[in-house]
Amino acid sequence: MIENPLPLIVCVTSGKGGVGKTSLTVNLGLCLSRADLRVLIVDGDMGLANVDLMLGLEVGRTVRDVLEGDAEPEDALVWPDHGLAVLPATSGVPEMVSMGPEDQARLGEYLGRLATGFDVVLMDTAAGIGSSVLWFNDYAQGNIVVMTPDPTAVTDAYALIKVLRQRYGKDHFHVVVNDTASDHEGRRVYDNIARVADTYLQVTLNYLGSVPSDPAVRQAVRQQRPFCATAPDGRAARAVEAIGTRIRSLMTDPKP
Ligand SMILES: Nc1ncnc2c1ncn2[C@@H]1O[C@H](COP(=O)(O)OP(=O)(O)OP(=O)(O)O)[C@@H](O)[C@H]1O
Ligand SMILES: [Mg+2]
């Protein structure tokens, strides 16, 4: 077990929807917990929760019950694996999508309390640039921006980075390029956005790597299990494992 006095709090975000945030979050969470870290996954897609579905979890209490004062944060946690906890969100509750300042403050307090029991906190966000998405990004120490090579995904990722730079002064982001045809394609997409972000936003990007397009990902989603468990030797699982190793190094140096 790594001795870590402060947990690393990381937000997984994207701008564009459907680029692989949730599947990256749950699989990274599993990889890191199997590497002996205590990991908390927070479902920050407050109105359209997916983390519990991708892990096949039975959910009782959710973050909504916690915010409404009907449950303690610790009581809402679900434990899919040794050293891996999930704080589930709700689905189909539009009010949860745009948390007001009071809810944001309370959630920040609860997460701070929960985080002390973990080495890494991974917060999966909704798509878009709504208030909850921006709040999770502001709250996090580390921001992983996920994109695919699709120009719309890259443009939306850039737009999100721009808002976070201008509104919160965030000047350092980590990038994962998902659903790629090759490592080369991932690197090319990263090099382009890193150059533009540096030139026009004075933002530094750090490349965590790419995850190849892999049918095992889709199959695992349908089985409601992480692909790192169903196909541990597959291309996507090996790529996520490598990203996990880089994230572990962020625990000692969050801005490489
Ligand atoms: N590397 C990959 N290879 C193949 N399919 C993938 C890959 N990554 C994601 N997918 C597919 O894309 C779908 C969307 O992924 P996911 O739900 O993780 O995206 P998301 O960014 O969380 O979406 P949302 O914005 O709706 O929350 C998955 O159901 C999966 O089938
Ligand atoms: Mg999602």
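All values derive from a computational prediction rather than experimental measurement. (Residues numbered from 1 in each chain as written. Chains lettered and ligands numbered in written order. Predicted model: local features only at pLDDT ≥ 70, side-chain atom pairs only at ≥ 80, totals over all residues.)

Asker: Tell me about the overall build of the chain, and please be specific about residues and values.
Answerer: Across its full length, the chain carries 11 helices and eight strands. Since a compact globule built from 256 residues should have a radius of gyration of about 18 Å, the 17 Å found for the chain is in line with a globular shape. For the chain, the spread of C-alpha atoms along the principal axes amounts to about 50 × 40 × 40 Å. Out of the 256 residues in the chain, the part that is buried amounts to 46%. For the chain, the share of sequence-separated contacts (at least 6 apart) that also reach a separation of at least 24 residues comes to 77%. (Helix = DSSP H or I, 4+ residues; strand = E, 2+ residues; numbered from the N terminus. Rg over C-alpha atoms; globule rule 2.2 N^0.38 Å. Buried ≥ 20, exposed ≤ 12 C-beta atoms within 10 Å, placed from the backbone. Contact = placed C-beta atoms within 7 Å.)

Asker: Explain the site of ligand 1 to me, and be specific about the residues and the numbers.
Answerer: Taken together, 20 residues lie near ligand 1, and Gly17, Gly20, Lys21, Thr22 and Ser23 sit nearest. Listed by contribution, the elements that provide at least two residues to the shell around ligand 1 are helix H1 (21-34), strand E7 (172-180) and helix H9 (215-223). Partitioned by chemical class, the residues of the shell around ligand 1 number six nonpolar, nine polar and five charged. (Near = placed C-beta within 6 Å. Nonpolar A, V, L, I, M, F, W, Y, C, P; charged D, E, K, R; others polar.)

Asker: Please give an account of the packing of H1 against helix H11 (residues 235-250) that cites residues and values.
Answerer: Where H1 contacts H11, the two axes come as close as 9 Å, and the packing angle between them is 70°. Of the possible angle classes, the one that applies to H1 and H11 is roughly perpendicular. Crossing of H1 over H11 shows right-handed handedness. Listed contacts from H11 to Leu24, Asn27, Leu28, Cys31 and Leu32 of H1 are Val240, Glu241, Ile243, Gly244 and Ile247. Its residues assigned to classes, the contact of H1 with H11 comprises seven nonpolar, two polar and one charged. (Axes fitted to C-alpha atoms, helices over the stretch in contact; angles between N-to-C directions. Parallel < 35°, antiparallel > 145°, perpendicular 65-115°, else oblique. Left-handed = near helix turned anticlockwise from the far one by under 90°.)

Asker: Tell me what's going on with the pairing of strand E1 (residues 8-13), and back it up with residues and numbers.
Answerer: Regular strands show a simple pattern: their side chains alternate between the two faces of the sheet. With six of its six residues buried, E1 lies for the most part within the structure. Burial along E1 is two-sided: Leu8, Val10 and Val12 facing one way and Ile9, Cys11 and Thr13 facing the other are all buried. Inspection of the sheet shows E1 paired to strand E5 (residues 120-125) by five bridges, in the parallel sense. Paired with Leu8 across the strands is Val120, a residue of E5. As judged from the four bridges shared by E1 and strand E6 (residues 142-147), these two strands associate in the parallel manner. Within E6, the position partnered with Cys11 by the bridge is Asn143. (Pairing = 2+ DSSP bridges.)

Asker: Please provide a residue-by-residue account of unusual backbone geometry, values included.
Answerer: Positioned with a positive phi, Gln202 is a non-glycine residue whose angle comes to about 55°. Along the chain, Gln202 turns up in the loop between helix H8 (183-201) and strand E8 (204-212). Despite not being glycine, Gln224 shows a phi value in the positive range, around 55°.

Asker: How would you explain the sheet that holds E8 if you had to name every residue and give the values?
Answerer: Pairing is mixed in the open sheet, where eight strands are placed in the order E3-E4-E2-E5-E1-E6-E7-E8. Looking along the sheet, the strands with just one partner apiece sit at the ends: strand E3 (78-81) and E8. Averaged over all pairs of adjacent strands, the angle between their axes in this sheet comes to 25°, without regard to strand direction. Pairing between strand E2 (residues 39-44) and E5: six bridges, direction parallel. Within E5, the residue paired with Ile41 across the bridge is Leu122. In the packing of H1 onto the sheet, contacts are made with E1, E2, E3, strand E4 (84-87), E5, E6, E7 and E8, and the angle to E5 comes to roughly 165°. Set on the sheet, helix H5 (residues 101-115) makes contact with E1, E2, E4 and E5; between it and E2 the angle comes to about 160°.

Asker: I'd love a proper account of the packing of helix H7 (residues 151-168) against H8, names of residues and values included.
Answerer: Orientation of H7 relative to H8, taken along the N-to-C sense of each, is 30°, at an axis distance of 11 Å. In terms of orientation, H7 lies roughly parallel with respect to H8. Handedness of the crossing formed by H7 with H8: right-handed. For the pair H7 and H8, the contacting residues are Val154, Ala157, Tyr158, Ile161, Lys162 and Arg165 in the first and Val189, Ile193, Val196, Ala197 and Leu201 in the second.

Worth remembering: the numbers are spatial, not functional.
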